[in-house]
Amino acid sequence: RFTWASADGFGWEGFNGAIGWGSPGGPNGFATGGFDEPVPASELKNVLLILASVPDGAVTREPVFDTNDPNVSYAYRYGRGFTDPPKQPEFADFIIDATSLGYSFQDFNKSVPLSAWDVDDPDNPRRLAIGFLENNAEFAVLDGVWFPRNSDDEISNIASDGPREWLWIFDADYSETPDPAWQSDALSTPLPIIWWLTVNRRGADVPFSPVASGDDHFLILANKVNSAADVFTFTTPAPVSADVVLEDDIEMINVFPNPYYGFHPLEGTRADKWVKFNHLPTDKKVTIRIFNLGGVMVRSIVKAAGDGTQYAEWNLRNQAGLPVASGLYIAYIEIDGIDASKILKIAIVQETQILRVY
């Protein structure tokens, strides 16, 4: 229904510039900063446009729509160049205020064949106020309603001598009673504009909205940016441990460093020697029995259930507290209540053995 063709001006983001998040002067309207001041991203809204049915006006210039259609909106109409004589005789009927050199307020009527809705909360959509501009210019279609030319006319909706049928979506509640604060010159009055449409209609052969009212939708999605005011909450399920899962996890149990060569950087001192078993369950009793190659158990380590850690440490001493010799050791790991076990080979080279080799 909408096109950027002959309407993509000002370099805004969005619908090839035809729909952009740069508003006329940001939240303060035209009055501050001109065209280059954007609406802060935190203030943008997702807006749904619902088109009213316009069967005949879709393929001709004449905008034929039923003002009883619920999606036809009351709108604030402003005029550009209205201090000049009417460029076409028929324009005279629609120039109400010819005293302002800016974008003078003209009237407030059911004059836009669509409704605009803030759908940031889709369960509670908020209908938004609308305004639009008309131009007293050579190629304009000044007729008191928002209904831009179709793109086949190849008339620019941006050029100063073109229609300039620009639609403004306000971040304000819709009402059928006008707000006196906005019944003034748009160039000097703060207007709460968040979206600005400079679109044309899409070709003479494309009806504006020939279907039943409310069936044609156009959704403008804002690129939301988090701010300091945003708060996120989330919940996570409590950790659970199932025996069948633990049986699979046993294969992940390991020991480090392995092989052990005299010392490693994580040890505090030369006397503080250790290797660690990891990926042990935190809620099960674990028994680690360490054997030499002769089958003699040199050390038994018991990790208590519910100790909150996945690690168990062997200080490379035997059951009597004496340092073990260099060699290959077998660790047999059992988990209480689990019908599975794990066997690890641990290679130990004590520091004295390293010196002897040299």
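Rules and cut-offs
Residues numbered from 1 in each chain as written. Predicted model: local features only at pLDDT ≥ 70, side-chain atom pairs only at ≥ 80, totals over all residues. Heavy atoms only, no water. Helix = DSSP H or I, 4+ residues; strand = E, 2+ residues; numbered from the N terminus. Buried < 20%, exposed > 50% of the residue type's maximum accessible area, 1.4 Å probe, protein only. Contact = heavy atoms within 4.5 Å. Areas by Shrake-Rupley, 256 points an atom, 1.4 Å probe, with all protein chains shown as cover. Salt bridge = Lys/Arg side-chain N within 4 Å of Asp/Glu carboxyl O. Phe/Tyr/Trp six-rings, centres within 6.5 Å; stacked < 30°, edge-to-face > 60°. Pairing = 2+ DSSP bridges. Axes fitted to C-alpha atoms, helices over the stretch in contact; angles between N-to-C directions. Lys, Arg positive; Asp, Glu negative; His and termini not counted. Polar contact = N/O pair within 3.5 Å; in protein donor to acceptor, adjacent residues only side chain to side chain.

### Topic: the overall build of the protein
Thinking step 1. Secondary structure assignment for the protein yields 2 helices and 19 strands.
Thinking step 2. With 358 residues in all, the protein has 44% of them scored as buried.
Thinking step 3. In the protein, 67% of the contacts between residues at least 6 apart in sequence involve partners at least 24 apart.
Thinking step 4. Total accessible area on the protein is roughly 17,800 Å²; 53% of this is exposed by carbon and sulfur atoms.

### Looking at the environment of Phe147
Thinking step 1. Checked against the element boundaries, Phe147 lands in the loop between β7 (126-135) and β8 (166-173).
Thinking step 2. Residue class for Phe147 comes out buried when judged on its relative accessible area of 0%.
Thinking step 3. Between the alpha carbons of Phe147 and Val64 there is a distance of 9.8 Å; along the sequence they are 83 residues apart.

### So, the pattern of salt bridges
Side chains bearing opposite charge may pair, as long as their charged atoms lie close to each other.
Thinking step 1. Overall, the coordinates contain 10 salt bridges when judged by the stated rule.
Thinking step 2. Measuring nitrogen to oxygen at the nearest pair gives 3.0 Å for the salt bridge that ties Arg1 to Asp216. Of this pair, Arg1 sits in the segment before β1 (2-3) while Asp216 sits in strand β11 (residues 216-220), and the two are 215 residues apart along the sequence.
Thinking step 3. Residue Arg1 is classed as partly exposed on the basis of its relative accessible area, which comes to 32%.
Thinking step 4. Of the residues examined, Asp216 reaches a relative accessible area of 13% and is grouped as buried.

### Some thoughts on the packing of aromatic side chains
To describe a pair of aromatic rings, you give the distance between the ring centres and the angle between the ring planes.
Thinking step 1. Applying the stated criterion to the full structure yields 17 aromatic pairs.
Thinking step 2. With a centroid separation of 5.8 Å and an interplanar angle of 70 degrees, the aromatic rings of Tyr78 and Phe105 are classed as edge-to-face. Here Tyr78 is found in strand β4 (residues 73-80), whereas its partner Phe105 is found in strand β5 (residues 103-112), with 27 residues between them in sequence. A single burial state applies to Tyr78 and to Phe105, both of which are buried.
Thinking step 3. Summarising the aromatic geometry, the rings of Phe170 and Trp182 are spaced 5.2 Å apart at their centres and angled 80 degrees between planes, so their arrangement reads as edge-to-face.

### Focus: the sheet that holds strand β19 (residues 341-349)
Thinking step 1. Pairing within the open sheet is mixed, and its 5 strands lie in the order β13-β19-β18-β15-β16. With one partner strand each, in any of the chains shown, β13 (260-261) and β16 (297-303) form the two edges of the open sheet.
Thinking step 2. Strand direction decides the pairing type here: strand β15 (residues 286-292) and strand β18 (residues 327-335), joined by 7 bridges, are antiparallel. Its bridge partner lying in β18, Thr287 is registered against Glu334.

### Let's talk about the sheet that holds strand β14 (residues 275-278)
Within a beta sheet, neighbouring strands are joined by backbone hydrogen bonds and run either parallel or antiparallel to one another.
Thinking step 1. Reading across from one edge, β12-β14-β17 is the order of the 3 strands in this open sheet, with antiparallel pairing throughout. The open sheet terminates on both sides in strands that have one partner only, identified here as β12 (254-256) and β17 (312-314). For this sheet the average axis-to-axis angle between neighbouring strands, irrespective of direction, equals 25 degrees.
Thinking step 2. Looking at chain direction, β14 and β17 are connected through 3 bridges and run antiparallel. Within β17, the position partnered with Lys276 by the bridge is Glu313.

### Overview of the side chain of Arg127
Thinking step 1. Along the chain, Arg127 falls in strand β7.
Thinking step 2. No salt bridge is formed by the buried Arg127. Its closest oppositely charged neighbour is Glu176, at 5.9 Å.
Thinking step 3. At a separation of 2.9 Å, a polar atom in the side chain of Arg127 contacts the side chain of Ser73.
Thinking step 4. Arg127 has contacts with Pro70, Asn71, Val72, Ser73, Ser115, Ala116, Trp117, Ala172, Asp173 and Tyr174, leaving out every residue within four places of it along the chain.

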